[in-house]
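Each chain, written out:
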Amino acid sequence: MDYFRSYRQKRRWAKYQKARGKVFRRNRNWRTKLFRLVVTVIVGVVLLPPVGDLINGYVKETDGCRVWQVTDGDTVKIHCKTGSYRARILAYDTPELKAHCPSEFYKAIMATYYLRWQLWKARKITVKIDGVDRYHRKLVILLVDGEGMARRMVEAGLARWYDGGRRAGWCETPKAKFANG
């Protein structure tokens, strides 16, 4: 469908159109459009949420510490008068982003974005520090509009209750086949 015999003829035509005041735009191929779409999605999913967390942390009504970044479904970064800390939210466990299987990774992403969404839509966020864990993170109780975040995460099916000790895995195992049929 190319009406020009050579590249030189195409360039002459473009120069002629430009001289007449018409803007000559090259048709972008599908790879360029796909690349731009992928970059836009990456920027929208990876870079914008942390900026939203930071803004949200400073505009919400709080008691003491402010949540300024969501790391994963049960870990946040907080800023208090004494400094900034990594904090582990008590009472529940969510899948880790450093997953052992694709289903765990998917669940971890869902839990992270659910926690972020709950914090963004909250009117008041309360952070109560309750000690330090072995990784030197602050242990906190997180209340969103007066309700424990743990209850919301567990009821949404994105977390399970946790009171310390060894954690169970999040990878789905295939159904065992029974010998009797």
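Residues numbered from 1 in each chain as written. Predicted model: local features only at pLDDT ≥ 70, side-chain atom pairs only at ≥ 80, totals over all residues. Heavy atoms only, no water.

**Q** Any chance you could explain the environment of E147 here in plain terms?
**A** With respect to the helices, strands and loops of the structure, E147 is situated in strand β8 (residues 147-148). For the pair E147 and I125, spaced 22 residues apart in sequence, the C-alpha separation works out to 9.4 Å. Discounting residues that sit within four places of it in the chain, E147 has contacts with L142 and R152. (Helix = DSSP H or I, 4+ residues; strand = E, 2+ residues; numbered from the N terminus. Contact = heavy atoms within 4.5 Å.)

**Q** Before we go on, may I ask you to explain the side chain of T126 in this structure?
**A** Along the chain, T126 turns up in strand β6 (residues 124-132). Its relative accessible area of 11% is what places T126 among the buried residues. (Buried < 20%, exposed > 50% of the residue type's maximum accessible area, 1.4 Å probe, protein only.)

**Q** Just checking my understanding: could you explain helix α3 (residues 102-121) for this structure?
**A** Every α-helix winds through 3.6 residues per turn, so residues three or four apart in the chain are directed the same way. Here α3 contains 20 residues, and its C-alpha end-to-end distance of 29 Å stays within 8% of the 28 Å for a straight helix at 1.5 Å per residue. Among the residues of α3, those classed as buried are E104, A108, A111, T112, L115, R116, Q118 and L119. The buried residues of α3 all sit within an arc of 160° when viewed along its axis, so they share a single face. Seen from the open side of α3, the exposed residues pointing more than 90 degrees away from its buried face are P102 and Y106. (Expected span 1.5 Å × (residues − 1). Arc of directions from axis to C-beta.)

**Q** I keep staring at the packing of aromatic side chains and nothing clicks. Help me out?
**A** Aromatic rings in a pair are described by how distant their centres are and how their planes are angled relative to each other. For the structure shown, the criterion picks out one aromatic pair. Between the aromatic rings of Y114 and W117, the centroid separation amounts to 5.8 Å while the plane-to-plane angle is 50°, which identifies the pairing as tilted. Residue Y114 and its partner W117 are located together in helix α3, separated by three residues, close to a single helical turn. A relative accessible area of 44% means that W117 is categorised as partly exposed. Between R116 and the ring centre of Y113, over which it is positioned, the NZ or CZ distance is 5.1 Å. (Phe/Tyr/Trp six-rings, centres within 6.5 Å; stacked < 30°, edge-to-face > 60°. Lys NZ or Arg CZ within 6 Å of the ring centre and 35° of its normal.)

**Q** In this structure, what is going on with the packing of helix α2 (residues 30-59) against α3? I would like to understand it.
**A** The geometry of a pair of packed helices is captured by two quantities: the angle between their axes and the separation between those axes. Interaxial distance between α2 and α3 falls to 10 Å at its minimum, and their mutual angle equals 35°. Judged by the twist between their axes, the crossing of α2 over α3 is left-handed. Within the contact between the two elements, α2 uses V45, P49, G52, D53 and N56 and α3 uses Y113, R116, L119 and W120. When the residues that make up the contact of α2 with α3 are grouped by side-chain class, the tally is five nonpolar, two polar and two charged. (Axes fitted to C-alpha atoms, helices over the stretch in contact; angles between N-to-C directions. Left-handed = near helix turned anticlockwise from the far one by under 90°. Nonpolar A, V, L, I, M, F, W, Y, C, P; charged D, E, K, R; others polar.)

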